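Given next are the chains, with one letter for each unit.
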Amino acid sequence: LIYAEGRHYDSSLHRLNLAEGPEVQPWVWLGDGLMEPAIAPQGRRLVFARARFVSNLYRIAVDVDAEPQPQTLQMATSFCRNSYPKVSPDGTQIAFVSDRSGSHELWVSDLKGESLTRLTFFEEGAVSTPVWSPDGSHIAFEAHSGHGNVWVIRYQGGQPRCLTSGPELNTSPTWSRDGRWVYF
């Protein structure tokens, strides 16, 4: 189990081996400001955001027998906020939120951080919490402009579809296992 603990610039990643017991192992070698960890479905790669004065995305290989070294993703090295990284079910793509266009929008890149594609063009408000459908064909996310709504878009781009409306705050989408339902 890998999780972030702390707040923004003081946060760090911790590891807990559920098979060995309750001893938490901080990953102090990664530094501070670490948040939003996401493990690839195969369990061999981890992506996360690091907040300093800007936030960038990083990737590491997960190996229980070795101390991994983070590799900066090329797409994430910027003077912008890059956050909410999520690895696609097949482990080849990363969906993330970035304000590199001037507003918080949904982007996709390959696992190396190359081949960036901007998926949303809301221009107002903020996009957050992307989550891949089980088959990797769509991404659900929330967009806030006054209040939050849940949206879905094809991972190749196209017109996003709003799934909710009204004054309620609709957040934290997740997919059913068969990909037929979005829960929020």
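Now for a look at the structure at hand. (Residues numbered from 1 in each chain as written. Predicted model: local features only at pLDDT ≥ 70, side-chain atom pairs only at ≥ 80, totals over all residues. Heavy atoms only, no water.)

A separate point is the overall build of the chain. Helix and strand counts for the chain come out as zero helices and 17 strands. Here the chain holds 184 residues, and the buried ones make up 45% of them. For the chain, long-range pairs separated by at least 24 residues make up 31% of all intrachain contacts whose partners lie at least 6 apart in sequence. Accessible surface computed for the chain: about 10,100 Å², of which carbon and sulfur atoms make up 51%. (Helix = DSSP H or I, 4+ residues; strand = E, 2+ residues; numbered from the N terminus. Buried < 20%, exposed > 50% of the residue type's maximum accessible area, 1.4 Å probe, protein only. Contact = heavy atoms within 4.5 Å. Areas by Shrake-Rupley, 256 points an atom, 1.4 Å probe, with all protein chains shown as cover.)

So, about the sheet that holds strand 14 (residues 147-154). One open sheet holds the four strands; their spatial order is 12-13-14-15, and the pairing between them is antiparallel. Since the sheet does not close on itself, it has two edges, and those belong to strand 12 (126-132) and strand 15 (161-162), each with one partner. In this sheet, strand 14 lies alongside strand 13 (residues 138-145) in antiparallel orientation, the contact comprising eight bridges. Bridge pairing in strand 14 places His 138 opposite Arg 154. (Pairing = 2+ DSSP bridges.)

Let us now look at the pairing of strand 9 (residues 93-98). When you tally the buried positions in strand 9, you get five out of six residues, the bulk of the element. In the sheet, strand 8 (residues 82-87) pairs with strand 9 via four bridges, with the strands oriented antiparallel. The partner of Asn 82 across the bridge, within strand 9, is Ser 98. Count of turn residues in the strand 8/strand 9 antiparallel hairpin: five residues, of which Gly 91 carries a positive phi of about 75 degrees. As defined by bridge partners, strand 9 adjoins strand 10 (residues 105-110) across six bridges and the pair is classed as antiparallel. Its bridge partner being in strand 10, Ala 95 is matched across the sheet by Val 108.

Here four strands make up an open sheet; going across it, the order is 8-9-10-11 and the pairing antiparallel. The strands lining the two open edges of the sheet, one partner per strand, are strand 8 and strand 11 (117-118).

Looking along a regular strand, one sees the side chains alternate between the two faces of the sheet. Counting buried positions along strand 12 yields five of seven residues, so the element is predominantly enclosed. Between strand 12 and strand 13, which follow one another and run antiparallel, lie five residues, and Gly 136 among them has a positive phi close to 80 degrees.

Our next topic: the packing of aromatic side chains. Applying the stated criterion across every chain, the model contains three aromatic pairs. For the pair Trp 132 and Tyr 155, a centre-to-centre distance of 6.0 Å together with 50 degrees between the ring planes defines the contact as tilted. Taken together, the residues span a long stretch of sequence, with Trp 132 in strand 12 and Tyr 155 in the loop between strand 14 and strand 15 at a distance of 23 residues. For Trp 132, a relative accessible area of 8% gives the class buried. Joined through ring pairs, the aromatic side chains of Phe 122, Phe 141 and Trp 151 make up one cluster. Stacked on the ring of Trp 107, the Lys or Arg Arg 100 has its end atom at 5.6 Å from the ring centre. (Phe/Tyr/Trp six-rings, centres within 6.5 Å; stacked < 30°, edge-to-face > 60°. Lys NZ or Arg CZ within 6 Å of the ring centre and 35° of its normal.)

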